[in-house]
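# Observations on the three-dimensional arrangement
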Amino acid sequence: GGVVLLLFAVVFLFVLVPSPMRGATRTMPVLPAVVAVAAGLAMGWFAFERMPHVEDEVAYLFQARTFAHGALTLPAPPEAAVPGLDYYLIEVKDGRWFSATLPGWPAVLALGVLLGLPWLVNPLLAGVSVLLAYDITRRRAGVEAGDMVALLVGSLPWLAVAGGSLLPQVLRRCLFVLAGWLILRAEDGGKAPGRKLVIAGLAIGVVFAARPMDGLVIGVLSGLWVLTGRERGVLRAAQFSIGALAVVAALLAYNAHITGHALVLPLSDYLDRHWAPGANAYGFGPQIGPPGGWGALNLWPGHGVLEAGLNTVNSVVSLQFDMLGWPIGSLALIFAYLIWSRKAGFDLAMALVAVVVIAVMALYWFADTYYMGPRYWFPAIFPFLYLSMRGYRALQERFGISGAECVRLDAVIALCCAFGIFVFTPWRGVTKYYEYNHFYTLFRDEAAKGAFGDAVVVFTDIGNEGSALMLNDPYLRPGKPVFLWDSGRLDMAALKAAFPGREIRHYTPDWSPDR
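Here we summarise the structure given alongside this text. Not measured: the values here are computed from a predicted model. (Residues numbered from 1 in each chain as written. Predicted model: local features only at pLDDT ≥ 70, side-chain atom pairs only at ≥ 80, totals over all residues. Heavy atoms only, no water.)

This part takes up a nonpolar patch on the surface. Taken together, Leu 216, Val 220, Leu 224, Leu 227 and Val 234 make up a surface patch of nonpolar side chains, about 450 Å² in accessible area. In terms of residue count, helix α11 (residues 212-227) provides more of the nonpolar patch than any other element does, 4 residues in total. Positionally, Val 220 belongs in helix α11. Residue classification places Val 220 among the partly exposed positions, given a relative accessible area of 44%. (Patch = residues over 30% accessible without salt bridge, like charges linked within 9 Å, V, L, I, M, F, W, Y side chains within 5 Å. Areas by Shrake-Rupley, 256 points an atom, 1.4 Å probe, with all protein chains shown as cover. Salt bridge = Lys/Arg side-chain N within 4 Å of Asp/Glu carboxyl O. Helix = DSSP H or I, 4+ residues; strand = E, 2+ residues; numbered from the N terminus. Buried < 20%, exposed > 50% of the residue type's maximum accessible area, 1.4 Å probe, protein only.)

What follows is the structure, encoded as structure tokens:
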């Protein structure tokens, strides 16, 4: 409460004087990019503790380690150990051990695994995305508009949280703006415009390999942009499509290797068998969604128009809170744009992207706002912030705020951004994400001390079992511990035979999550 009162007091003082920020002295893109990297690193190091905090992240990390070893799948572990290694999205099938997640993000995360720094990948991508967002805006609306968007993106709590995680949202966001930036550069002429369009297509293809619906939505919209752009639209669209289809072809080959069918994703195959055929599809119907629901995360069995509407409202409310973390709300400038700005050109294109993303994601049964806001709306981050910048300008025009002669909004916006990244983000990190979902560092810390040797460590419920299983060597080789979750299905005699010469240790720490 005291911090908020202090904030409004400083805002009041700021608006009494002219802003010193003007022209070339305004915020440049490098500083916001550095802030975005630092914020992601801080969240990853202190809040997420450089480890997964949801089950999907464990599966992504497992898949990234598999790729880092130069393999698409691993040999199946000993049959006696399989019950102790059972985990969501990771399965043993047909003599192979693999993750059912999409390969796009783990392929990039594998680069961090090779360096021993997987938690560094997302913060670096966040910084790159700031620079790309700046240059897109600069090319369309001028340097000062680019500075404004860079400031908003760099101080975005939504991006900082995603940057500290091991989820693919930051990669997808970075590739979206990379594709847009390359398309703009190709439109502006210069050297090798065709090469830029092919690379833009490759970027969208990687998005498709990470989350197909995102790649499809942004790919179609980007393809229409290229096709209806300047002269030789058909040739340019063909060049863009070549890049995208190259990655799609690789994904189809991967599908065929894992599932035996090029058009069947490993994730779809997994959920069809564990839930019901088509349960994870987009659309409406009683068969959509997990059997029995996911508690409060799925309102009713199936998916219908009413649930889609409620999910969308819930996502808007979550976006208002989580995106910028401002005391006045994250959507204040977008409201200003909708009320006062003249709509034309690139503004309408950005609004169209946002509307299409929101409409398509309404067709999905799961809104997923509980973890880091409406993360399925991440493809619309740049449109949201570009329209926020336009709303900022609309405020200046509506109230005659210009030049150094009268009060400007620059300092107020800067202070709100500072509040979002330096107050709201650490607060969320401490109160929400630290040890979220019962992921604890206990096993990692003890393993680093050498407490387990190369024993087969059998443990019961100590938080989320993924915090131990994520530490397993992909090949379960001697010299490193093997962690197995005892759900009552392990056969100790069979384990001794499967791991000859290795101690079978039942681990019960002198520790409690409720400490």
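What follows is about the sheet that holds strand β4 (residues 456-459). Taken together, 3 strands build an open sheet; the order of strands is β5-β4-β6 and the sheet is parallel. The outermost strands of the open sheet, each flanked by one partner alone, are β5 (482-485) and β6 (504-507). For this sheet the average axis-to-axis angle between neighbouring strands, irrespective of direction, equals 30°. (Pairing = 2+ DSSP bridges. Axes fitted to C-alpha atoms, helices over the stretch in contact; angles between N-to-C directions.)

With that settled, the discussion passes to the packing of helix α5 (residues 104-115) against helix α6 (residues 121-141). Direction vectors running N to C along α5 and α6 enclose 105°, while the axes themselves pass 9 Å from each other. Here α5 is positioned roughly perpendicular relative to α6, judged by the angle of their axes. Residues Trp 105, Val 108, Leu 109 and Gly 112 of α5 pack against Val 121, Asn 122 and Leu 125 of α6. Tallied by class, the residues present in the contact of α5 with α6 amount to 5 nonpolar, 2 polar and no charged. (Parallel < 35°, antiparallel > 145°, perpendicular 65-115°, else oblique. Contact = heavy atoms within 4.5 Å. Nonpolar A, V, L, I, M, F, W, Y, C, P; charged D, E, K, R; others polar.)

Scanning the entire structure with this criterion turns up 0 disulfides. Cysteine Cys 416 shares no disulfide, and the gap to the nearest cysteine sulfur, in Cys 417, comes to 7.1 Å. (Disulfide = S-S within 2.5 Å.)

In total, this model carries 30 aromatic pairs according to the counting rule given. Geometrically, the ring pair formed by Trp 225 and Phe 346 is tilted, given 6.5 Å between the ring centres and 55° between the ring planes. Here the residue Trp 225 occupies a position in helix α11, and Phe 346 occupies one in helix α16 (residues 346-361), the gap between them amounting to 121 residues. Residue Trp 225 is classed as partly exposed on the basis of its relative accessible area, which comes to 23%. Given a relative accessible area of 14%, Phe 346 falls into the buried group. Of the aromatic side chains, those joined through ring pairs into one cluster are Phe 48, Trp 275, Tyr 282, Tyr 364, Trp 365, Phe 366, Tyr 370, Tyr 371, Tyr 376, Tyr 433 and Tyr 436. Between Arg 50 and the ring centre of Trp 45, over which it is positioned, the NZ or CZ distance is 3.9 Å. Between Lys 343 and the ring centre of Tyr 337, over which it is positioned, the NZ or CZ distance is 5.2 Å. (Phe/Tyr/Trp six-rings, centres within 6.5 Å; stacked < 30°, edge-to-face > 60°. Lys NZ or Arg CZ within 6 Å of the ring centre and 35° of its normal.)

Relative to the elements of secondary structure, Thr 425 occurs in helix α18 (residues 410-433). In this view, Thr 425 contacts Met 43, Pro 157, Ala 160 and Gly 420; residues no more than four positions away in its chain are not counted.

A few words now on the pairing of β4. Of the two faces of β4, the one holding Val 456 and Val 458 and the one holding Val 457 and Phe 459 are both buried throughout. Relative to β5, β4 runs parallel, the two being bridged by 4 bridges. Its bridge partner lying in β5, Val 457 is registered against Phe 483. As defined by bridge partners, β4 adjoins β6 across 4 bridges and the pair is classed as parallel. Counterpart to Val 456 in the pairing with β6 is Ile 504.

Moving on, we come to the environment of Met 389. Locating Met 389 in the fold gives a position in helix α17 (residues 381-398). Take Met 389: its relative accessible area is 1%, and that puts it in the buried class. C-alpha of Met 389 to C-alpha of Leu 151: the two residues are 238 residues apart in sequence and 10.0 Å apart in space. Beyond its immediate stretch of four places on either side in the chain, Met 389 contacts Thr 137, Ala 141, Ala 145, Met 148, Val 149 and Leu 152.

The antiparallel open sheet is built from 3 strands, whose spatial order is β1-β3-β2. The open sheet is flanked by β1 (74-75) and β2 (90-93), the only strands paired with a single partner. The sheet contact formed by β2 and strand β3 (residues 96-99) spans 4 bridges and is antiparallel. In the strand pairing of β3, Glu 91 is matched with Phe 98. The strands that helix α3 (residues 55-68) touches are β1, β2 and β3; relative to β3, the one it contacts most, it runs at about 125°.

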